[in-house]
Amino acid sequence: MKVRPFPKARALATCLLAGLICPTLLQAQAINLDFDGDGLVDTWEIQHFGAINHPDGEARLDPDGDSCSNLKESRDGTDPNDRLDCLNATGTNLRPGQLSVAWNTKPGKRYQIEISN
């Protein structure tokens, strides 16, 4: 009775062997997530504007007029087409040794404040 290795095991062994013999064949490919180079991830642009070249989809624009640019909205995870959905501080209070900042939150989002001297 002849024992044959499983096809997956043979493929894995071939890949490992090829990696040892010809490591230049196993190089990673860079993936461009921003084809039009405007600073916005293309999937985000398509989700909110239907295309990466939509006139309202430029990074510096604010199509909903909420004072948050598309670039800020994409980084904050807010909706660039909803005037009520923008991450802004709603209140700040600075006293000696104490700082408080308030903002509207969204379910499922994590927020972090960083401070330095």
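Cut-offs applied
- Residues numbered from 1 in each chain as written.
- Predicted model: local features only at pLDDT ≥ 70, side-chain atom pairs only at ≥ 80, totals over all residues.
- Heavy atoms only, no water.
- Helix = DSSP H or I, 4+ residues; strand = E, 2+ residues; numbered from the N terminus.
- Buried < 20%, exposed > 50% of the residue type's maximum accessible area, 1.4 Å probe, protein only.
- Contact = heavy atoms within 4.5 Å.
- pLDDT = per-residue confidence, 0-100.
- Patch = residues over 30% accessible without salt bridge, like charges linked within 9 Å, V, L, I, M, F, W, Y side chains within 5 Å.
- Areas by Shrake-Rupley, 256 points an atom, 1.4 Å probe, with all protein chains shown as cover.
- Salt bridge = Lys/Arg side-chain N within 4 Å of Asp/Glu carboxyl O.
- Phe/Tyr/Trp six-rings, centres within 6.5 Å; stacked < 30°, edge-to-face > 60°.
- Pairing = 2+ DSSP bridges.

Looking at where Leu-99 falls in the secondary structure, it is placed in strand E2 (residues 98-103). Residue Leu-99 is classed as partly exposed on the basis of its relative accessible area, which comes to 45%. Ignoring any residue separated from it by four or fewer positions in sequence, one finds Leu-99 in contact with Asn-93, Leu-94 and Ile-115.

Right, let's get into the environment of Thr-43. With respect to the element layout, Thr-43 can be found in helix H2 (residues 42-49). When the C-alpha atoms of Thr-43 and Leu-33 are compared, they prove to be 7.8 Å apart, with 10 residues separating the residues in sequence.

The next subject is the confidence of the model for the protein. The pLDDT averaged across the protein works out to 82; a share of 77% of its residues lies at or above 70. In the model of the protein, helix H1 (residues 7-21) stands out as the element of lowest mean pLDDT, 54, in contrast to H2, which has the highest, 96.

Here we take up a nonpolar patch on the surface. Together, Leu-94, Leu-99, Val-101, Ile-113 and Ile-115 line one region of the surface with nonpolar side chains, adding up to about 530 Å² of accessible area. Here Leu-94 is to be found in strand E1 (residues 89-95).

The next point concerns the packing of aromatic side chains. The tally for this structure, following the rule as stated, stands at two aromatic pairs. Relative to Phe-49, the ring of Trp-44 has its centre 6.0 Å away and its plane inclined at 70 degrees; by these criteria the two rings are edge-to-face. Residue class for Trp-44 comes out buried when judged on its relative accessible area of 11%. Its relative accessible area of 9% is what places Phe-49 among the buried residues.

What follows deals with the pairing of E1. The buried count for E1 comes to zero of seven residues, which makes it a mostly uncovered element. Across six bridges, the pairing between E1 and E2 is antiparallel. Residue pairing in the sheet places Leu-94 in a bridge with Leu-99 of E2. From the end of E1 to the start of E2, which pair antiparallel, there are two residues, and Gly-97 there has a positive phi angle of about 75 degrees.

With that settled, consider the pattern of salt bridges. Applying the stated criterion across every chain, the model contains three salt bridges. Note that Asp-85 is salt-bridged to Lys-106, the shortest N-O span being 3.3 Å. Of this pair, Asp-85 sits in the loop between helix H3 (70-76) and E1 while Lys-106 sits in the segment after E2, and the two are 21 residues apart along the sequence. Judged by relative accessible area, Asp-85 falls into the buried class, the value being 13%. Classification of Lys-106 as partly exposed rests on a relative accessible area of 31%.

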